[in-house]
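Chain by chain, the residues run as shown.
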Amino acid sequence: MSEPDLRDLVRAALANDDEAARQLVQHLYPLVAKIVRSHRPRRTSEEDLCQMIFIKVFRNLSSFSGQVPLEHWVSRIAVNSCLNQIASEKVRPEIRYADLSEDEAAIIDHLASSSEDLNPDQRFAARELVEHLLDTLKPADRLVIDLLYLQGRSVNEVRELTGWSAPLVKVRAFRARQKMKQHFEKLSRKENR
Amino acid sequence: MNDADSRLQRLLKTAAQAPADEPVSAPFGFDTRVVAVWRAGHGNGGLNGVVRLIRRVVVLAAFLILVSGAAAFHEYQATRDIVEPGNNEFAIADSAIQSEFDQ
């Protein structure tokens, strides 16, 4: 759906056209759900968080100026909602070697003993392990690592999505990576097993 | 790049290759539910309703204050209109008595 079509739907939704509002939800759902899956806090269900975000989008729809594409505007609301939700769940669990699955532990061992890249078959376990490590970080740190290193977005894209300045994105990324490294090293130490 | 950096880099690189399961469409009835909640104005939970109630009470109270103020002012004006002619009559009587004594 093109941007002018989306703006027409926005106008119609604001003029009490429920069908247009439903079409907006259907069009934007994959985008919002993808963001929610990447940044969802552990104790909130995906559907609840998506609904919360859509309600926020519609409540603020009249203030959508049209200066940026609708999808960027919605993405920013989604990202900020996820950050707020994660921040409200203050608990950041400590990760221990004993809590890891067999595959995740094998990855730690492989990385410690070899300088070769991991096997592509290990990507799901690697992803799980990274998510455990991300859980130990603050919401903003978690977000910046996910966007830059897992989703492969550029600093500019992260800047647009979060509203942070480019230097702030870089500083946060550096600090987040340092913290992640500390947790990872702690996990890798043999005496902690 | 030291050893821990390199290990973390390799871990992140492999993790990024894990395909994310793309959500295809909204669950059944999700769009209708969102629109209904939005239209009902309950997007913020119960808080939104309380705020709207308080706002209505304040507007109604302000309206009542204005109406009662206007009524009080009107009453005051009417009382003054009644009192003032009487004052004049007393003044005329006083003046007549005074002029009677003077004669």
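Shown above is the structure to which this text applies.
Sequence positions are assigned chain by chain, starting from 1 and proceeding in written order. The order in which chains are written sets their letters, starting at A; the order in which ligands are written sets their numbers, starting at 1. Local features in a predicted model are, by the rule used here, given only for residues with pLDDT of at least 70; side-chain atom pairs are given and counted only at 80 or more, and totals for whole chains, interfaces and linings are based on all residues. Side-chain metrics rest on all non-hydrogen atoms present in the structure, leaving aside hydrogens and water.

Asker: Help me understand helix H4 (residues 70–88) of chain A in this model?
Answerer: The α-helix winds at 3.6 residues per turn, so residues separated by three or four positions along the chain end up facing the same way. All names here are of chain A. In DSSP terms, a helix is any run of H or I states spanning at least four residues, a strand is any run of E spanning at least two, and both are numbered starting from the N terminus. Helix span, as expected, comes to 1.5 Å for every residue beyond the first. The terminal C-alpha atoms of H4, which comprises 19 residues, lie 27 Å apart, in line with the 27 Å expected from a rise of 1.5 Å per residue. Within the sequence span of H4, burial applies to Leu70, Trp73, Val74, Ser75, Ile77, Ala78, Val79, Ser81, Cys82, Leu83, Gln85 and Ile86. Only heavy atoms enter the contact rule, under which two residues are in contact if any of them lie within 4.5 Å. Those residues of H4 that are buried lie in contact with helix H1 (3–14), helix H2 (18–39), helix H3 (46–59), helix H7 (139–150) and helix H8 (155–162). Accessibility here uses a 1.4 Å probe with only protein chains present; expressed as a share of the type maximum, an area under 20% marks a residue as buried, one over 50% as exposed, and anything in between as partly exposed.

Asker: Is there a simple way to explain the packing of H7(A) against H8(A) in this structure?
Answerer: For any two helices packed against each other, the geometry is given by the interaxial angle and the distance between the axes. Residue and element names in this part refer to chain A. In contact at an axis separation of 10 Å, H7 and H8 are set at 135 degrees when each is read in the N-to-C sense. What the angle tells us is that H7 and H8 run oblique. Seen from above, H7 lies across H8 with right-handed handedness. Contact with H7, carried on its side by Leu143, Leu147 and Leu148, involves Val155, Val158, Leu161 and Thr162 of H8 and no other residues of that element. Working convention: axes come from line fits to C-alpha atoms, limited for helices to the stretch in contact. Angles between N-to-C directions cover 0 to 180 degrees. Just so you know how the angles are binned, under 35 degrees is roughly parallel, over 145 roughly antiparallel, 65 to 115 roughly perpendicular, and the rest oblique. Two helices cross in a left-handed way if the nearer one is turned anticlockwise from the farther one by less than a right angle. They cross in a right-handed way if the turn is clockwise.

Asker: Just checking my understanding: could you explain a nonpolar patch on the surface for this structure?
Answerer: Like-charged residues are merged into a patch within 9 Å and nonpolar side chains (Val, Leu, Ile, Met, Phe, Trp, Tyr) within 5 Å, provided each residue has over 30% relative accessible area and no salt bridge. Residue exposure ignores everything except the shown protein chains as possible cover, and the areas themselves are Shrake-Rupley values with a 1.4 Å probe. Salt bridges are counted wherever a side-chain nitrogen of Lys or Arg sits within 4 Å of a carboxyl oxygen of Asp or Glu. Together, Leu60(B), Phe63(B), Leu64(B) and Val67(B) line one region of the surface with nonpolar side chains, adding up to about 400 Å² of accessible area. As for its placement among the helices and strands, Leu64(B) is situated in helix H3 (residues 46–102).

Asker: I would appreciate a short explanation of the interface of chain A and chain B in the present structure.
Answerer: Quite often, the size of an interface is put as the accessible area lost when its parts meet. With 46 residues of chain A in contact, the opposing surface of chain B contributes 35 residues. Put simply, buried area is the surface a 1.4 Å probe can reach on two separate parts but cannot reach once they are joined, added for both. Together, the buried faces of chain A and chain B total about 3800 Å²; carbon and sulfur atoms form 63% of this surface. The tally of links between chain A and chain B comes to four salt bridges. Its salt-bridge partner being Glu47(A), residue Arg33(B) comes within 2.6 Å of it at the nearest N-O pair. In the analysis that follows, any N or O atom pair within 3.5 Å is treated as a polar contact, provided that within protein one partner can donate a hydrogen and the other can accept it, and provided that, for residues neighboring in sequence, both atoms belong to side chains. Remark: the boundary between chain A and chain B carries 15 residue pairs in polar contact (both at pLDDT 80 or more). Breaking the side of chain A that touches chain B down by element, the ones donating at least two residues are H2, H3, helix H5 (102–113), helix H6 (123–135), H7 and helix H9 (166–188) of chain A.

Asker: Can you help me understand the packing of aromatic side chains in this one?
Answerer: How two aromatic rings sit relative to each other is set out by the distance from centre to centre and by the angle between their planes. Centres within 6.5 Å make a pair out of two Phe, Tyr or Trp rings, where for Trp the six-membered ring is used; the pair is then stacked when the planes are under 30 degrees apart, edge-to-face when over 60, and tilted otherwise. Overall, the coordinates contain five aromatic pairs over all chains when judged by the stated rule. Ring centres 4.6 Å apart and planes at 25 degrees place the aromatic pair Phe58(A) and Trp38(B) in the stacked group. Highlighted residues: Phe58(A) in helix H3 and Trp38(B) in helix H2 (residues 30–40), drawn from two different chains. Here Phe58(A) matches Trp38(B) in class, with each residue buried. Three or more aromatic residues joined by ring pairs form one cluster here, namely Tyr29(A), Phe54(A) and Phe30(B). Comment: the charge-over-ring label is applied if NZ (Lys) or CZ (Arg) is within 6 Å of the ring centre and within 35 degrees of the ring normal. For the cation-ring pair, Arg177(A) lies above Tyr149(A), with the distance from its terminal atom to the ring centre recorded as 5.1 Å.

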